[in-house]
Amino acid sequence: MQKITTFLWFDDQAEEAVEHYTSVFPDSRVIDVQRYGEAGPGEPGTVMTIAFELAGQRFTALNGGPEFTFNEAVSLYVDCADQAEVDTYWAKLAEGGEEGPCGWLKDKYGLSWQIVPRVLTELLRDPDPARSARVMKAMLGMRKLDVQALEDAGRQ
């Protein structure tokens, strides 16, 4: 078991969100569901928490009510091997949500995600500062990240 688990606070959509997330990522599953009892504070029998894994990483979702919402200060970073992965995750996670700049999006539950091709990190680490600057400039003009455009910027 991992020592630290990301805990996600939802109003009342934890179960729906977990079903969606586990359908998006391979090697994902629901581990445990706990329901509110007579002591509350939720309606007895409704989902309180759901422990789940996405691609082997453990999370817990809570139906905690509307007091707290997600913001961009915390996001989930998805390392993508290629453009096909970027396209797949972007489409599935942005559906019903909001596309943001530089590979960021908010899903329909308000959770922020970074959908990043592995090549971006490699290009930004290039020892040639002019090359990494061109790649950074290209990235800053994108919403969903475009591997070919990033590589082209690095070659200019």
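Look up a bit, the structure's there.
Residues numbered from 1 in each chain as written. Predicted model: local features only at pLDDT ≥ 70, side-chain atom pairs only at ≥ 80, totals over all residues. Heavy atoms only, no water.

Before we move on, could you go through the overall build of the protein chain and cite the residues and values that matter?
Looking only at helices and strands, the protein chain features five helices and eight strands. Each helix and strand of the protein chain, ordered N terminal to C terminal, gives the series β-α-β-β-β-β-α-β-β-β-α-α-α. Based on the C-alpha atoms only, the size of the protein chain along its principal axes is roughly 65 × 30 × 25 Å. Evaluated residue by residue, the protein chain yields a buried proportion of 38% over its 156 residues. Relative to all contacts within the protein chain whose residues are 6 or more apart in sequence, the contacts with residues 24 or more apart total 58%. Of the accessible surface of the protein chain, which amounts to about 8,800 Å², a share of 51% is contributed by carbon and sulfur atoms. In the protein chain, the 15 positive side-chain charges and the 26 negative ones have mean positions that sit 7 Å from each other. (Helix = DSSP H or I, 4+ residues; strand = E, 2+ residues; numbered from the N terminus. Buried < 20%, exposed > 50% of the residue type's maximum accessible area, 1.4 Å probe, protein only. Contact = heavy atoms within 4.5 Å. Areas by Shrake-Rupley, 256 points an atom, 1.4 Å probe, with all protein chains shown as cover. Lys, Arg positive; Asp, Glu negative; His and termini not counted. Charge placed at Lys NZ, Arg CZ, Asp CG, Glu CD.)

A description of the pattern of salt bridges should follow, citing residues and the corresponding values.
Summed over all chains, the structure comprises six salt bridges. Ionic pairing is found between D87 and K144, a salt bridge with its closest N-O pair at 3.0 Å. Of this pair, D87 sits in helix α2 (residues 83-94) while K144 sits in the loop between α4 (129-140) and α5 (147-155), placing them 57 residues apart in sequence. With a relative accessible area of 30%, D87 lands in the partly exposed category. Close ionic contact of R155 with D152 constitutes a salt bridge, the shortest N to O distance being 2.6 Å. Placement of both R155 and D152 in helix α5 is noted, with a separation of three residues, approximately one turn of the helix. (Salt bridge = Lys/Arg side-chain N within 4 Å of Asp/Glu carboxyl O.)

Could you give an account of α2, naming the residues involved and the relevant values?
In this model, α2 (twelve residues) spans 16 Å end to end at C-alpha, consistent with the 16 Å of a helix rising 1.5 Å per residue. Buried residues of α2: V86, Y89, W90, L93 and A94, and no others. Relative to the axis of α2, the buried residues are bounded by an arc of 105 degrees and lie together on one face. Looking at the packing, one finds that the buried side of α2 touches α1 (14-24), β5 (75-80), β6 (98-99), β7 (104-106) and β8 (112-117). N-capping of α2 is provided by D82, with a side-chain oxygen placed 3.2 Å from the backbone N of A84. Positive backbone phi, at 80 degrees, marks G96, one or two positions downstream of α2. (Expected span 1.5 Å × (residues − 1). Arc of directions from axis to C-beta. Polar contact = N/O pair within 3.5 Å; in protein donor to acceptor, adjacent residues only side chain to side chain.)

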